[in-house]
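Understanding the architecture of this molecule
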Amino acid sequence: MPAALDAVAALKGGWAGVTDRASLDHAAVNVPASDLPGILGLLKRDHGFDMLVDISGVDWGMNAKPRFTVVYHVFSTLGHEYVRVAADCADDLVPEVPSVTPLWAGADWHEREAYDMFGIRFTGHPDLRRILMWDGYPHFPLRKDFPLAGIDTVLPDAEVVAETKTGAIAAPMMGGPFVASSGEINMSEAEPRAKDESWTEKRPKP
Amino acid sequence: MLRRRCPGLKLVPPQNLLARPWRQGTVGWFLPKNTMVSANTELTYDSKIEGDVIVSRADAVINWIRSSSMWPMPMGLACCAIELMATGASRFDIARFGAEVMRFSPRQADVMIVAGTVTYKMSSAVRRIYDQMAEPKWVIAMGACASTGGMYRSYAVLQGVDRIIPVDVYVSGCPPRPEALLDALIKLQEKVKREPSASKLLSA
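What counts as what
Residues numbered from 1 in each chain as written. Chains lettered and ligands numbered in written order. Predicted model: local features only at pLDDT ≥ 70, side-chain atom pairs only at ≥ 80, totals over all residues. Heavy atoms only, no water. Salt bridge = Lys/Arg side-chain N within 4 Å of Asp/Glu carboxyl O. Helix = DSSP H or I, 4+ residues; strand = E, 2+ residues; numbered from the N terminus. Disulfide = S-S within 2.5 Å. Pairing = 2+ DSSP bridges. Axes fitted to C-alpha atoms, helices over the stretch in contact; angles between N-to-C directions. Contact = heavy atoms within 4.5 Å. Phe/Tyr/Trp six-rings, centres within 6.5 Å; stacked < 30°, edge-to-face > 60°. Buried < 20%, exposed > 50% of the residue type's maximum accessible area, 1.4 Å probe, protein only. Buried area = accessible area lost by both parts, 1.4 Å probe. Polar contact = N/O pair within 3.5 Å; in protein donor to acceptor, adjacent residues only side chain to side chain. Nonpolar A, V, L, I, M, F, W, Y, C, P; charged D, E, K, R; others polar.

Things to note about the pattern of salt bridges
Using the criterion set out here, one finds 14 salt bridges over all chains in the structure. Between Asp131 of chain B and Arg127 of chain B there is a salt bridge, and its shortest N-O distance comes to 3.2 Å. Placement of both Asp131 of chain B and Arg127 of chain B in helix H6 (residues 120-132) is noted, with a separation of 4 residues, approximately one turn of the helix. Via salt bridges that share partners, Asp59, Arg67 and Asp145 of chain A belong to a single interconnected network.

Considerations on the state of the cysteines
Residue and element names in this part refer to chain B. Tallied over the full model, the rule gives 0 disulfides over all chains. Sulfur of Cys79: no disulfide; nearest cysteine sulfur belongs to Cys80 and is 5.7 Å away. Among the cysteines around Cys145, which has no disulfide bond, Cys174 carries the closest sulfur, lying 5.7 Å off.

What about the sheet that holds strand E4 (residues 169-171) of chain B?
Residue and element names in this part refer to chain B. Taken in spatial order, the 4 strands line up as E1-E2-E3-E4 in an open sheet, and their pairing is parallel. Whereas interior strands pair on both sides, the edge strands pair on one side only; in this sheet they are strand E1 (72-76) and E4. Strand-to-strand twist across the sheet, computed as the mean angle between neighbouring axes with direction ignored, equals 15°. Direction of pairing for strand E3 (residues 138-142) relative to E4: parallel, over a ladder of 3 bridges. Paired with Met142 across the bridge in E4 is Val171. Packed on one face of the sheet, helix H8 (residues 178-193) meets strand E2 (111-115), E3 and E4 and runs near 155° to E3.

So, the packing of aromatic side chains
Taken as a whole and assessed by the stated rule, the structure comprises 5 aromatic pairs over all chains. Centroid distance Phe75 of chain A to Tyr82 of chain A: 4.6 Å. Interplanar angle 45°. Geometry classified as tilted. When its relative accessible area of 30% is taken as the criterion, Tyr82 of chain A is described as partly exposed. A ring pair is formed by Phe146 of chain A and Tyr155 of chain B, whose centres lie 5.3 Å apart and whose planes are at 85°; its orientation type is edge-to-face. Here Phe146 of chain A, found in the loop between strand E7 (121-123) and helix H4 (158-164), pairs with Tyr155 of chain B, found in the loop between helix H7 (143-148) and E4, and the two come from separate chains. Overall, the relative accessible area of 9% leaves Phe146 of chain A in the buried class.

Focus: the sheet that holds strand E3 (residues 51-59) of chain A
Residue and element names in this part refer to chain A. The strand order E1-E2-E5-E4-E3 describes an open sheet built from 5 strands, whose pairing is mixed. Whereas interior strands pair on both sides, the edge strands pair on one side only; in this sheet they are strand E1 (19-20) and E3. The sheet strands contacting helix H1 (residues 3-14) are E1, strand E2 (27-31) and strand E5 (81-88), and the helix crosses E2 at an angle near 20°.

Re the interface of chain A and chain B
Counting from both sides, the interface comprises 33 residues of chain A and, opposite them, 18 residues of chain B. Taken together, the two surfaces of chain A and chain B that pack against each other cover about 2,100 Å², and 57% of this comes from carbon and sulfur. Linking chain A to chain B there are 3 salt bridges. A salt bridge links Arg128 of chain B to Glu159 of chain A; the shortest N-O distance between them is 3.2 Å. Where chain A meets chain B, there are 6 residue pairs in polar contact (both at pLDDT 80 or more). For the side of chain A that touches chain B, the element with the highest residue contribution is H4 of chain A, accounting for 4 residues. For the side of chain A that touches chain B, the per-class residue count stands at 22 nonpolar, 4 polar and 7 charged.

Quick notes on unusual backbone geometry
Going from Glu135 of chain B to Pro136 of chain B, the amide bond is cis rather than trans, its omega being -5°. Residue position: Pro136 of chain B is located in the loop between H6 and E3. The peptide bond linking Cys174 of chain B to Pro175 of chain B adopts the cis configuration, its omega dihedral lying at -10°. With respect to the helices, strands and loops of the structure, Pro175 of chain B is situated in the loop between E4 and H8. Of note in the backbone geometry, His80 of chain A takes a positive phi value of approximately 55° without being a glycine. Mapping His80 of chain A onto the fold places it in the loop between strand E4 (68-76) and E5. Exposure remark for His80 of chain A: the relative accessible area of 58% places this residue in the exposed category.

This is the structure:
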């Protein structure tokens, strides 16, 4: 029996609430969020899954229950196998899962990114700040209720705002987003400036 | 003719001119009082003898100096910076236009070349570096992203660097060819040559 299936069987036997997760490729389990550090620690210690490949967040939509899921991929560098571990966040308004930074130092920035994009709090994280957007940005851009164009916000630097009187604007989508799947849209006609002149500079430049 | 105007002038043979006999105390010619002393025995302008004196407009001189040596501040933020490096390298050689001295200190730069996507998070740094540049200063927005935000119609990208700093020349392209950047530099030099620099300096 491959080590991944072995590990999944051991998890299901040893932990309450661990269930199989539908997967087309690797062994996958759903686990309770509170058991994440214990389960991932067990995979790392006893089953050789020593490498944390990534941590990702999922927003299933505004009306979904539970709304947020955190997905971990761990890899065995000796067995050359993956295990996918997913945990639903109990609270939809303030989603929280325990941090795995004590197990892998590399989880630090992955968790910061998941926090930045989805607003998932990782309790026990040593320094849970935004990593891509600037400090003080009020939104979580990869949530389903966040528009692709963005939301009008103030710029990070107050001095620049005072000097330029400008802010982060909702980007002009001009009929987009444009996808290049064949037959649906003529890309040369859909070139933003060719059709839509709704967005023109009315404000004098600084 | 010169001899008629300055009757006291004795012409010195050319070989003696080169030896500069007057420097060694030898009196090579005799002049009446109040005659302008000059070693010039030629009737046309010769900078070797007259000294390098040219009469011109102050604007022309100042702008010529400024446009002939524009030191760029390479604000390389994305892939356009690779083309900017190619422009500086041997095949395109931005040194032909006097802009080869890439200054990584804004204090010593004349023209900021914004090469790449300006994110909102980076915008404060771009503005700050622009503020740190000494006057006179100019800006080239290189490529679609720096000019308008380009293909990044997104929550994270500044929709044109002209929202935070004044831009003199926009370059289209994604990324622009090095020739296009050189063309922008020439355009900027032409713009600089039209500026009323002397009156600006006096009123400053």
